[in-house]
Amino acid sequence: MASINSAIKSMKRNALIEELKKLKLNSAGSYSVLSRRLRNHYRRKKLLEAGIPLKKEILPFYVIVDFEATCEEVNTPNYPHEIIEFPAVLVNVEKNEIVSQFQAFCRPTMNPKLSEFCTELTGITQDQVDSADEFPVVVKRFESWLKENGLGTSHNYAIVTDGPWDMGRFLYGQCKLSEIEYPKFAHKWVNIRKIFHNFYDTRQVCLKLMLESLDLKFEGRPHCGLDDAKNIARILLQLAEDGAPLLPNERIHKPKLQNDFSSQAIRSNKSSRTQPISKVVTPIPRTS
């Protein structure tokens, strides 16, 4: 196996593409993506030939969320971001597609008037948030949507985000502002940015760069939460096809809103090369 990996690492990009085509595998992507795709193909082949079962590191369903929140062009350090769009898409890995979606706008209460910058960035209008429910009502509707799709009951699933901020900053902060309990569905999640970075051995990445590394173009409007979530779903499905581990790798550590938030622990994930920015995020160590 070491000799195969060494041979693949010495291959030029065109040679990688030709080999992947011969194997009828996806031949689109950056050099690091193509190299890892080919190496992982042969690793799995060797394990199967040796009669070693492949470790299951993927779930049947994923719910991708990407919140949009109130903002200014220049935010003060303690600016209270309030969620104004709560979008989610449900991905069925076996079907290789999005099978359901959820979208609701939320009415902010601390800063009810959206800044001009926020409207231009997100495309969300003042009328949309003025006519929307407040966050506690929206989160209950989302939890009902999860139940309607059998998530957490009939089907195992995980929440997916692009980075630690959606849960560790926006959702956590919104629950504090709304004085409601932090929801159980968000205690742990898959940080897809971290998995992409580690699996494909790339430099630091963002949504735009992840798509470019896979030779994909953004579909829709950037910073529309629902469109962002749909594009993250495309990345997740390619990671699944390439054999990446897609299990929760971050969590909120003891999310009790009544306690002192400064006491939240931060731990490093030994498999991670990046540190989470939120004080409430605890990376989940890999067991392998």
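Bear in mind the structure is a predicted one, so any value in this text is a computation, not a measurement. (Residues numbered from 1 in each chain as written. Predicted model: local features only at pLDDT ≥ 70, side-chain atom pairs only at ≥ 80, totals over all residues. Heavy atoms only, no water.)

*Asks:* Looking at this structure, I do not really get the pairing of strand 6 (residues 188-191). What am I missing?
*Replies:* A regular strand places its side chains on the two faces of the sheet in alternate fashion. Taken together, the two bridges between strand 5 (residues 157-161) and strand 6 define a ladder with parallel strand orientation. Opposite valine 160, over in strand 6, you have valine 190 as the bridge partner. One crossover worth recording links strand 5 to the parallel strand 6 by way of helix 7 (residues 165-178), and it is right-handed. (Pairing = 2+ DSSP bridges. Helix = DSSP H or I, 4+ residues; strand = E, 2+ residues; numbered from the N terminus. Right-handed = clockwise from strand over helix to strand, strands pointing away.)

*Asks:* Would you take a moment to explain the nonpolar core for this structure?
*Replies:* One recurring pattern in soluble globular proteins is that nonpolar side chains are buried together. Among the nonpolar cores identified, the biggest contains 32 residues, and Tyr62, Ile64, Val160, Ile192, Phe196, Ile235 and Leu239 are the most heavily contacted of them. Secondary-structure elements contributing two or more residues to this core are strand 1 (61-65), strand 3 (83-92), strand 5, helix 8 (192-199), helix 9 (207-213) and helix 10 (225-241). Per-element accounting of this core gives the leading share, nine residues, to helix 10. With near-sequence residues (within four places) excluded, isoleucine 192 lies in contact with Val160, Thr161, Asp162, Met210, Ile232, Ile235, Leu236 and Leu239. Formed by 31 residues, the second largest nonpolar core is a distinct cluster that contains Val63, Phe67, Ala104 and Met167. (Core = buried A, V, L, I, M, F, W, Y, C linked by side-chain atoms within 4.5 Å. Buried < 20%, exposed > 50% of the residue type's maximum accessible area, 1.4 Å probe, protein only. Contact = heavy atoms within 4.5 Å.)

*Asks:* I would appreciate a short explanation of the pairing of strand 5 in the present structure.
*Replies:* Most of strand 5 is tucked away: five of the five residues are buried. Sheet topology note: the strand 1/strand 5 ladder contains four bridges and is parallel. Paired with phenylalanine 61 across the two strands is tyrosine 157, which belongs to strand 5.

*Asks:* Where do I start with unusual backbone geometry in this structure?
*Replies:* Glycine aside, a negative phi is what most residues show, and trans is what most peptide bonds show. With a phi close to 60°, lysine 24 is a non-glycine residue in the positive phi region. Relative to the assigned elements, lysine 24 resides in the loop between helix 2 (13-22) and helix 3 (31-49). At aspartate 215, a residue that is not glycine, the phi angle is positive and equals roughly 60°. If you trace the backbone, aspartate 215 turns up in the loop between helix 9 and helix 10.

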